[in-house]
Amino acid sequence: MVARTHLLAVIVAVALVGVPVAAAVEPPQPASTGLDGSDAEHLQATNTTERLSTFADQHLPDRSSTFADQHSPDPEADILGWEAGYWYNESISVTPGDGLNDSELDAVVARGMARVEQIRRIEFEERPPVEIISRSAYEERVRNDTSNLTEAQRLHQNVKYEALLMVNESTDTTQVQADNQAGGVGGFYDPSTGEIKIVSENTSTPKMNEITLSQELFHALQDQRFDIASFNQSTQELHNARDGIIEGDGNYVDHLYQQHCENEWEGTCLMPEDSQGASSDFQPHFGLYQILLQPYSDGPPFVEAIREEGGWEAVNAVYENPPASTEQTIHPEKYDEDAPTNVSVPDRSDDRWRVLDVNGSINYASFGEAGLYVTLWYPSIDIGIPPDKAIIPYANHVNAVPGGAQQFDPYNYNHSYTAGWDGDKLVPYVTDESSETNETGYVYKTVWDSPEDAAEFSEGYERLLTFRGAEAVEGRLGTWRIPDGKEFGDAFYLDRTGETLVIVNAPNVEELPAVREGSAPEGERTPVPDDDDGTGIVTTTDGPGFTVLAAFAALLAFAVTSLRRR
């Protein structure tokens, strides 16, 4: 479920709330370079670009004129800021209120390409096909993709998110992921076909949001110029890490695009209020969703800082050396400086248990600093825990400003519990009966920068177990048991040695050493945390599930009002 098959415009956080735009033919706007002082400082022109800029200086109208007065002639060759007969700052005659016909869509796409070029200073090699589809058509596509998964692939997904104590073993995680995707996508680019699909809620007169279009056009441009489809994104951690540049660059370009729409392009950008957005009944699983969103929040400032220091050419160079971990975009100073540890998990199971074979695909998972942060933050959305006593407080995740969250970087993924991450690998285990019983196990090995960092995460994880109803097991070292009557009923063994913390899971205590030899050794009983030990943790029998609670209504509002891609 993390392989790069499509680049999606997902409904994310506060950042792209478009201003309403009058549609038909707008009053002519003064010509502009489309670049403010900051933009101009970062143009890294080659000799060719300089020659093309000279052409633009000679033929584009001056600021005292308008396109109605002085329409720019088409250039003899394709240049930045011009595509298929349209300049980036040219008004177009469309009536988007009743949807776009073919000729209007062609004009919107051509000008959108010109605008993306003008902002990002990269030329398209070819025009990608663009189609507007209904929400129901997209949902059907997602259902079809999910139906093709094998039983082993489904088990793999179930074990992964059960290990984060987010989705219990009686729930089909692939369906949860599909629901998140089907209800929260505004469009996508398919690298296998080079096609763009824009999802419209209005099925009778599908409408186009130009900001959403710009996102997917830039994905097509990235694929043409940087071959992003070749990036290794085989785990959720690698997916989010590489998306630090893919989606970070994309969302940064979108940010600049919208700034232009609100300034020198004002009145010409197509942003109908009812064009894109979440499905009306969209209630995402916030744990899975917030893991997914990390590069969309941390990626843009990561890219912006690189551009401010070295221009667009420095950003282009990152595609040759993309972020190796989410740690490197959560803490940008660690990019290209702190490589993650390559974690190995030797098999020490007995003859009954075996590593899950995922039909020749990778048989492990990794969530990185971002995934482990969300793991410890996720309980804070539960109504049964005081906000100021959560493992990671709810408010820690939101980069708040008066009236809401920051639009450019809405979410924080940095906390002392997880800031010392250096590597992780989760290996699912099954028996011959697992397909029928859904009883599985896993070994989750995490590596930290120091023994102190490992101890701090271990403390946070023990608090998470307590939140889920775990009790220490009498006569066993480091062993915990969540009763079967609770939603994550299983046995857990925590083995911390130096910079390493290994978490072993099995259906019961007796099976722990069968999954990994040496687990749950006999010894002095682990102290049992009390509800009144100062942590403020309230043991519950139910997780937050999918109910939208008042405690995180603000987060729901953030997560369904803007458009981004995966």
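Keep in mind it's a predicted model, so treat the numbers as computed, not measured. (Residues numbered from 1 in each chain as written. Predicted model: local features only at pLDDT ≥ 70, side-chain atom pairs only at ≥ 80, totals over all residues. Heavy atoms only, no water.)

1. Topic: the packing of aromatic side chains
Any pair of aromatic rings gets described here by the distance separating the centres and the angle formed by the planes.
Line of reasoning, step 1. Scanning the model with the defined rule gives 12 aromatic pairs in all.
Line of reasoning, step 2. Each ring, one from Trp 377 and one from Tyr 394, has its centre 6.2 Å from the other, and the planes form 25 degrees; the classification is stacked. With Trp 377 in helix α12 (residues 368-377) and Tyr 394 in the loop between α12 and β8 (400-401), this residue pair connects regions lying 17 residues apart in the sequence.
Line of reasoning, step 3. A centroid spacing of 4.7 Å and a plane angle of 25 degrees characterise the contact between Trp 448 and Phe 457, whose relative ring orientation is stacked.
Line of reasoning, step 4. Trp 448 sits in the buried class, given a relative accessible area of 2%.
Line of reasoning, step 5. The exposure class of Phe 457 is buried, given its relative accessible area of 2%.
Line of reasoning, step 6. The rings of Tyr 88, Tyr 257 and Trp 265 are connected pair by pair, giving a single aromatic cluster.
Line of reasoning, step 7. If you follow Arg 115 out to its NZ or CZ, it ends over the ring of Trp 265, 4.3 Å from the centre. (Phe/Tyr/Trp six-rings, centres within 6.5 Å; stacked < 30°, edge-to-face > 60°. Helix = DSSP H or I, 4+ residues; strand = E, 2+ residues; numbered from the N terminus. Buried < 20%, exposed > 50% of the residue type's maximum accessible area, 1.4 Å probe, protein only. Lys NZ or Arg CZ within 6 Å of the ring centre and 35° of its normal.)

2. A short note on the sheet that holds strand β14 (residues 490-497)
Line of reasoning, step 1. Taking strand neighbours across the sheet as the criterion, the seven strands line up as β7-β10-β11-β15-β14-β13-β12 in an open arrangement whose pairing is antiparallel. Since the sheet does not close on itself, it has two edges, and those belong to β7 (354-355) and β12 (471-472), each with one partner.
Line of reasoning, step 2. Note that β14 and strand β15 (residues 500-506) share seven bridges and pair antiparallel. Directly across from Tyr 493, in β15, lies its bridge partner Val 504.
Line of reasoning, step 3. Relative to β14, helix α14 (residues 451-467) is tilted by about 165 degrees, and along the sheet it contacts β11 (441-448), β13 (479-482), β14 and β15. (Pairing = 2+ DSSP bridges. Contact = heavy atoms within 4.5 Å. Axes fitted to C-alpha atoms, helices over the stretch in contact; angles between N-to-C directions.)

3. Details of the nonpolar core
Line of reasoning, step 1. Counting 51 residues, the largest nonpolar core has Tyr 442, Tyr 461, Leu 465 and Phe 492 as the members making the most contacts within it.
Line of reasoning, step 2. Among the elements that make up this core, the one with the highest residue count is α12 (six residues).
Line of reasoning, step 3. Membership of the second largest hydrophobic core comes to 48 residues, among which are Leu 100, Met 113, Ile 306 and Val 318. (Core = buried A, V, L, I, M, F, W, Y, C linked by side-chain atoms within 4.5 Å.)

4. Comments concerning the state of the cysteines
Line of reasoning, step 1. Summed over all chains, the structure comprises one disulfide.
Line of reasoning, step 2. Across the disulfide from Cys 261 sits Cys 269; the S-S distance is 2.0 Å. Its S-S torsion of about -85 degrees marks the bond between Cys 261 and Cys 269 as left-handed, since a negative value means left-handed.
Line of reasoning, step 3. Take Cys 269: its relative accessible area is 1%, and that puts it in the buried class. (Disulfide = S-S within 2.5 Å.)

5. Description of helix α5 (residues 151-163)
Line of reasoning, step 1. In this model α5 runs 18 Å from its N-terminal to its C-terminal C-alpha over 13 residues, within 8% of the 18 Å that 1.5 Å per residue would give.
Line of reasoning, step 2. Among the 13 residues that make up α5, 11 are buried, leaving the element largely enclosed by the rest of the structure.
Line of reasoning, step 3. Inspection of α5 places Ala 152, Arg 154, Leu 155, His 156, Gln 157, Asn 158, Val 159, Lys 160, Tyr 161, Glu 162 and Ala 163 among the buried residues, and these make up the whole buried set.
Line of reasoning, step 4. Following α5 by one or two positions, Leu 165 adopts a phi angle in the positive range, close to 55 degrees. (Expected span 1.5 Å × (residues − 1).)

6. What to know about the pattern of salt bridges
Line of reasoning, step 1. Scanning the entire structure with this criterion turns up 18 salt bridges.
Line of reasoning, step 2. One salt bridge in this structure joins Arg 225 and Glu 125, with 3.8 Å as the shortest N-O distance. Residue Arg 225 is located in helix α7 (residues 210-226), and its partner Glu 125 is located in the loop between α3 (102-120) and β4 (130-134); the two are separated by 100 residues in the primary sequence.
Line of reasoning, step 3. According to the relative accessible area criterion, Arg 225 is partly exposed, its value standing at 39%.
Line of reasoning, step 4. With a relative accessible area of 55%, Glu 125 lands in the exposed category.
Line of reasoning, step 5. For the salt bridge of Arg 352 with Glu 511, the shortest nitrogen-to-oxygen distance reads 2.6 Å. (Salt bridge = Lys/Arg side-chain N within 4 Å of Asp/Glu carboxyl O.)

7. Some thoughts on unusual backbone geometry
Line of reasoning, step 1. Despite not being glycine, Asp 227 shows a phi value in the positive range, around 50 degrees.
Line of reasoning, step 2. One can find Asp 227 in the loop between α7 and α8 (236-261).
Line of reasoning, step 3. Here the phi dihedral of Asn 438 falls at roughly 60 degrees; this positive angle occurs in a residue that is not glycine.
Line of reasoning, step 4. Structurally, Asn 438 is set in the loop between α13 (434-437) and β11.

8. Considerations on the pairing of β14
Line of reasoning, step 1. Direction of pairing for β13 relative to β14: antiparallel, over a ladder of four bridges. The residue bridging Thr 479 from the neighbouring strand is Tyr 493, located in β14.
Line of reasoning, step 2. Hairpin geometry of β14 and β15 is characterised by an intervening segment of two residues between the two adjacent antiparallel strands and by a positive phi of about 60 degrees at Gly 498.

9. Side note on the packing of α3 against α8
Line of reasoning, step 1. Where α3 contacts α8, the axes come no closer than 10 Å and their chain directions differ by 105 degrees. In terms of orientation, α3 lies roughly perpendicular with respect to α8. Residues Gly 112, Arg 115, Val 116, Ile 119 and Arg 120 of α3 form the contact with α8, whose participating residues are Asp 249, Val 253, Leu 256, Tyr 257 and His 260.
Line of reasoning, step 2. Of the residues assigned to the contact of α3 with α8, the class counts are five nonpolar, two polar and three charged. (Parallel < 35°, antiparallel > 145°, perpendicular 65-115°, else oblique. Nonpolar A, V, L, I, M, F, W, Y, C, P; charged D, E, K, R; others polar.)

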